[in-house]
Amino acid sequence: MSLNEKFDDIIDMERPWPEEVLKKHPKMPPQDRAKIFAPFAALRGHSERIGEEDVKLMWSERVELSEDGAKALSDKVLRVRKGMEVDVVFFTPDAENDDIGYNVTTAGRVTGIDEVYRTMRISEDGVTDFVISFDNLIDIKERDL
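Keep in mind it's a predicted model, so treat the numbers as computed, not measured. (Residues numbered from 1 in each chain as written. Predicted model: local features only at pLDDT ≥ 70, side-chain atom pairs only at ≥ 80, totals over all residues. Heavy atoms only, no water.)

Asker: Explain the nonpolar core to me, please; I cannot follow it from the model alone.
Answerer: Taken as a class, soluble globular proteins show a tendency for nonpolar side chains to be buried jointly. Judged by nonpolar contacts, the single largest core of 15 residues is most densely connected at V77, V86, V88, M120, I122, L137 and I140. Put simply, the parts of the chain that give this core at least two residues each are α5 (67-79), β2 (85-93), β3 (100-114), β4 (119-123) and β6 (137-142). Non-local contacts of I140, meaning those with residues more than four positions away in its chain, are made with L73, K76, V77, V80, V86, D87, V88 and M120. (Core = buried A, V, L, I, M, F, W, Y, C linked by side-chain atoms within 4.5 Å. Buried < 20%, exposed > 50% of the residue type's maximum accessible area, 1.4 Å probe, protein only. Helix = DSSP H or I, 4+ residues; strand = E, 2+ residues; numbered from the N terminus. Contact = heavy atoms within 4.5 Å.)

Given below as structure tokens:
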């Protein structure tokens, strides 16, 4: 006799619930139960960690802009205003060594420019914000909408 055959007579039976439990906690449809467990992440931080490993494979050295390139970038930054949609390429340095890191390309809306601290805040999707130092900018251009 196989294991499946052994329990064929009870497999479709309802689970017995004491009356006091059912009063306090009525049975929930399976569709609603699925919603309860949807936000559960058994391996919290796992996807971020894997993303970090992928980024390490793309690490490079910081590239210094030429004098003409720096002037052109400075002119572009001066034209940027809060609320503009932009495409930005910037360098993200490693925590231990400022000369090694990786280039990030993003598109979003400029939500703030701080000329004193020389930073720009870009909102990618209304939730994710990048605070980019002018020193780490590689390129910026207004998006064609």
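Asker: Is there a simple way to explain a nonpolar patch on the surface in this structure?
Answerer: A surface patch of nonpolar side chains, amounting to about 420 Å² of accessible area, comprises L3, F7, I10 and M13. Examined against the element boundaries, M13 turns out to sit in the loop between α1 (3-6) and α2 (19-24). The exposure class assigned to M13 is exposed, which follows from its relative accessible area of 56%. (Patch = residues over 30% accessible without salt bridge, like charges linked within 9 Å, V, L, I, M, F, W, Y side chains within 5 Å. Areas by Shrake-Rupley, 256 points an atom, 1.4 Å probe, with all protein chains shown as cover. Salt bridge = Lys/Arg side-chain N within 4 Å of Asp/Glu carboxyl O.)

Asker: Just checking my understanding: could you explain the pattern of salt bridges for this structure?
Answerer: Opposite charge on two side chains allows them to pair when their charged atoms are near. Within this structure, the stated rule accounts for seven salt bridges. Between K76 and D139 there is a salt bridge whose closest N-O contact spans 2.7 Å. Of this pair, K76 sits in helix α5 while D139 sits in strand β6, and the two are 63 residues apart along the sequence. Here R143 ties to E85 by a salt bridge, and the two come within 3.7 Å at their closest N and O atoms. Taken together, the positions of R143 in the segment after β6 and E85 in strand β2 put the pair 58 residues apart, joining distant regions of the chain. Where salt bridges share partners, they join E85, D87, R109 and R143 into one cluster.

Asker: Teacher, can you tell me more about unusual backbone geometry here?
Answerer: Excluding glycine, residues mostly carry a negative phi; peptide bonds, for their part, are mostly trans. Its identity as a non-glycine residue notwithstanding, R118 has a phi of 55°, on the positive side. Looking at the element boundaries, R118 is found in the loop between β3 and β4. Under the relative-accessibility criterion, R118 is labelled partly exposed at 40%.

Asker: Can you walk me through a negative patch on the surface in this structure?
Answerer: Taken together, the side chains of E5, D8, D9 and D12 define an acidic patch exposed on the protein surface. Position of D12 among the secondary structure elements: in the loop between α1 and α2. (Lys, Arg positive; Asp, Glu negative; His and termini not counted. Charge placed at Lys NZ, Arg CZ, Asp CG, Glu CD.)

Asker: Any chance you could explain the side chain of N136 here in plain terms?
Answerer: When you line up the elements, N136 lands in the loop between β5 (129-133) and β6. Residue N136 is classed as buried on the basis of its relative accessible area, which comes to 14%. In this structure N136 touches R62, F90, F91 and P93, once residues within four positions along its chain are discounted.

Asker: So what exactly am I meant to see when it comes to the pairing of β4 here?
Answerer: Regular strands place side chains that alternate from one sheet face to the opposite one. Summarising the sheet, β3 and β4 pair through five bridges and their orientation is antiparallel. Considered in β4, the bridge of R109 is made with S123. In textbook terms, the turn of a hairpin is the stretch between consecutive antiparallel strands, and for β3 and β4 this stretch comprises four residues, one of which, R118, has a positive phi near 55°. (Pairing = 2+ DSSP bridges.)

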